[in-house]
Amino acid sequence: MAAAGGGGTACGGEQETAALGTPAGGTLVAGTPCAFSPSERRLLALSGPDGRLRVWETPSSRLQHEYVPSAHLSAACTCLAWAPPGAGGRTAPSKEGPQRKKRKSEAVEASEQLDLLAIGTAVGSILLYSTIKGELQSKLNGHDNKINCVRWHQDNRCLYSCSDDKNIVEWNTQTCKVKCKWKGDNSSVSSLCISPDGKMLLSAGRSIKLWDLETKEIYRHFTGHATAVSTLTFITVRPPNENQPFDGITGLYFLSGAVHDRLLNVWYVRSDRKEKNAVMSFTITDEPIHVDLTISESKEEPVKLAVVCRDGQLHLFEQVLNGYCKKPLTSSRSIQIATPGEGTDSTPKPVPILAAAFCSDKQSLILVYGNSLQPVIERVTLNTLESHTCLVRDVQKTLALKTEMAVTKVKTPIVNSEAKMLIPGIPGHSAAIRSSSCREKVETKRKPGGKEESIEDRLGAMDIDVMKIKSPSGGLPQTDNFAVLLVQGLESNDPEILNKVLQVRKEVVIKKTIARIPVHAVIPLLHELTKRLQGHPYSASQMVRWLKSVLTTHASYLSTLPNLVPQLGMLYQLMESRVKTLQKLSRLHGKLYLLITQVAALEQAQDKTDVNQTAKLVYEEESSEEGSDDEMAAEKDSDENWDEDEEGEEQSDNEQEMAVEKEINGESDLDPENESEEE
């Protein structure tokens, strides 16, 4: 019966047994949580840097489940916790009438069946994933910031979580609602642990507090660490002194570790409030990222502790808890893993240990090392280890052997020569399988100096009817060839073929290609498009064209599928998450547009040169009385002269008229007598 606390900035873990309730699990590095399943440690839940949740079987190192959250790029997993067996709510109510008596093996399997896995995210939500159904069961929303740790209660099926928003939340997993929420610290709360009797709760930011779950009040207060606490777990279920009465918490020991701290402290819960410091400490080479231990059930039984440090080493401690110890304790054994250093690279390289857990017999250890995306799981016996052990392991050969064992063997059926086999697929690409009597042995190895057969000869030998279509050099293949390539790429899962086809941008080619593919390739194509939509935005914009064409062309076929919603659930969630951000992006675009236009207008106004408003010539008049009198006299003279000019003009006009009349009457202006008379 082992237990472990979370490590790094993201705590991971799960409840050990219904009787003890101690967490078992932890994290690998900051942001990469892992958790071993309770009891026998059959399963290992691991969230890699790619955001995918993988569940591995520890005995066979086989991948059992793989889950990709819809928003895994924006909501990274921060902590994990296995639920106690039976917490998934699968127990059916008793029905009237006779029932078949279950076998002993079936009863044990049902009681130990693991289902729910709590996943804390960086955005403040908690996901409940069902490993039996292989799908997301529910989602809990109640925090405003990153989830640091989640813990299951072993009795009432409640879930406790802490976050950077300084709050601790008690969840009802049946109704998916907040049962209670209270402030846990003045800063972020980084770790939690439930007492063995289920009545107390340890919480830690930098200081450690012991809460009464019934009243939600602080029962004890401990000094804690200088940095954020990342590991918190009880290491005893009963006090060492069995003579005194036990109230469920007094006399127990618990362990704590912190970020950037190379000491693991052991604390003792006293009946009085005087002693608040640690009674014991373990020294390690680097900060702990994963801790696992065996529970001490008696005074004589030592506590076994396995600590994985950030430098990739594993330290083992074995200590009897008997009170105060002044000096820090060193490890009894240390384990390292390195490559053999053979071949081209003769220098051995260290292989980091990711996690470790004690088996149920307490004499063997499960090691997880290598890469977090493809870890190697190995069981090691503690009796064979020395004080300083270096295990030589070739990780690449181990992974290559696993890949070869995972390849399925395909057998070719033996049929009669007269039989004709119809294979579903593209017309013109179905071939009858030749009988064993007329089957010829084909040598796969090339002979030295021999002539290689052409592709046409090979296809002719396979009795495949091939239409010889010669495409112009440098031109694109025809749309029917695109359909064939697309189906072949989906069946073989070849990324090169799929990239060649799905990078086409012409709408006409896309529509014709989608129209020519068979209906059995529609669902695999949608899965491939969904996978690519989660990648780079540039690639996602290209995949939208194909997705639109598939949904419009094959809508009638998709509507006839009974299990369409489970198959396209990830696509629905992806589209919903993208649409939710559209409104926020539009508002942000509008605000940024206003700011940019205002800044541009301001810069344009500053660039303009100021117009000079000063006059080039200024005329000032004299404001004196003499000057005004002279002006008045000048105005009068000008008016009189104007009247005289008008009178002179009128007289000249009259004289001209009289002269014209005289000429008409025959009078001459040259006669002096007439002039005198007229005068």
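(A) Main features of the side chain of Ser334. With respect to the helices, strands and loops of the structure, Ser334 is situated in strand E26 (residues 333–338). Taking relative accessible area as the criterion, Ser334 reaches 9% and is therefore assigned buried. Not counting residues within four places of it along the chain, the set of residues in contact with Ser334 comprises Leu314, His315, Ser387, His388 and Thr389.

(B) Local environment of the nonpolar core. Core analysis: the biggest nonpolar cluster contains 31 residues, and Leu486, Ile517, Leu525, Leu526, Leu529 and Trp546 have the highest contact counts within it. Among the elements of the structure, helix H4 (479–492), helix H5 (495–502), helix H6 (507–516), helix H7 (522–533), helix H8 (537–553) and helix H11 (569–607) are those that each provide at least two residues to this core. Val266, Met280, Ile295 and Phe317 belong to the second largest nonpolar core, which has 21 residues in total.

(C) Summary view of the sheet that holds strand E20 (residues 253–258). In space, the 4 strands of this open sheet follow the order E19-E20-E21-E22, with antiparallel pairing throughout. In the strand order of this sheet, the two ends are held by strand E19 (229–234) and strand E22 (280–283), each with one partner. Strand-to-strand twist of the sheet, defined as the mean angle between neighbouring strand axes without regard to direction, takes the value 20°. Direction of pairing for strand E21 (residues 263–268) relative to E22: antiparallel, over a ladder of 4 bridges. Considered in E22, the bridge of Val266 is made with Met280.

(D) Layout of the pattern of salt bridges. Following the criterion strictly, the structure yields 11 salt bridges and no others. The structure contains a network of salt bridges with shared partners spanning Arg52, Arg54 and Glu66.

(E) Inspection of the sheet that holds strand E17 (residues 208–212) at higher detail. A sheet is described by the order of its strands in space; here 4 strands give the open sequence E15-E16-E17-E18, paired in antiparallel fashion. Of all the strands in the sheet, the pair left with one neighbour each is strand E15 (191–194) and strand E18 (217–222). Direction aside, the axes of adjacent strands within the sheet are offset by 25° on average.

(F) Representation of a nonpolar patch on the surface. A contiguous nonpolar surface patch, about 500 Å² in accessible area, is contributed by Leu585, Leu588, Leu592, Leu595 and Ile596. Residue placement: Leu585 occurs in helix H11. Of the residues examined, Leu585 reaches a relative accessible area of 51% and is grouped as exposed.

(G) Geometry of unusual backbone geometry. For Cys176, which is not a glycine, the phi torsion comes out positive at approximately 60°. Within the secondary structure, Cys176 is located in the loop between strand E13 (167–172) and strand E14 (177–183). Looking at Cys176, the relative accessible area reads 27%, which means it is partly exposed.

(H) Expanded view of H8. For H8, built from 17 residues, the straight-helix expectation of 24 Å at 1.5 Å per residue is met to within 8% by its first-to-last C-alpha distance of 24 Å. Listed in full, the buried residues belonging to H8 are Ala540, Gln542, Met543, Trp546, Leu547, Ser549 and Val550.

(I) Layout of the pairing of strand E25 (residues 314–319). Bridging between strand E24 (residues 303–309) and E25 involves 6 bridges; their strand directions are antiparallel. Counterpart to Val308 in the pairing with E25 is Leu314. Turn length for the E24-E25 hairpin, with the two strands adjacent in sequence and antiparallel, is 4 residues, and the turn residue Gly312 shows positive phi of about 90°.

(J) Looking closely at the environment of Ile235. Here Ile235 lies in the loop between E19 and E20. For Ile235, a relative accessible area of 4% gives the class buried. Ile235 has contacts with Tyr253, Phe254, Leu255, Val266, Leu293, Ile295, Ser296, Val303 and Leu321, leaving out every residue within four places of it along the chain.

Calculation criteria
In every chain, residue numbers begin from 1 and rise along the written sequence. Local features in a predicted model are, by the rule used here, given only for residues with pLDDT of at least 70; side-chain atom pairs are given and counted only at 80 or more, and totals for whole chains, interfaces and linings are based on all residues. Side-chain figures throughout are based on the complete set of non-hydrogen atoms in the structure, without hydrogens or water. Segments assigned H or I by DSSP are reported as helices when at least four residues long, segments assigned E as strands when at least two residues long, and all are numbered from the N terminus. Each residue is placed in one exposure class: buried if its accessible area under a 1.4 Å probe, protein chains only, is under 20% of its type's maximum, exposed if it is over 50%, and partly exposed if it falls in between. In this analysis, two residues are considered to be in contact whenever any of their non-hydrogen atoms come within 4.5 Å of each other. Residues enter a nonpolar core if they are buried and are Ala, Val, Leu, Ile, Met, Phe, Trp, Tyr or Cys, with the set joined through side-chain atoms within 4.5 Å. Think of it this way: DSSP has to see at least two bridges between two strands before they count as a pair. Each axis is a line fitted through C-alpha atoms, and for a helix only the stretch in contact is used; angles between axes span 0 to 180 degrees, taken between their N-to-C directions. A pairing counts as a salt bridge when a side-chain nitrogen of Lys or Arg comes within 4 Å of a carboxyl oxygen of Asp or Glu. Within the patch definition used here, like charges are joined within 9 Å and nonpolar side chains (Val, Leu, Ile, Met, Phe, Trp, Tyr) within 5 Å, considering only residues with over 30% relative accessible area and no salt bridge. Values of accessible area rely on a 1.4 Å probe in the Shrake-Rupley scheme; residue burial ignores everything except the protein chains shown. Every helix has an expected span of 1.5 Å times one less than the residues it contains.

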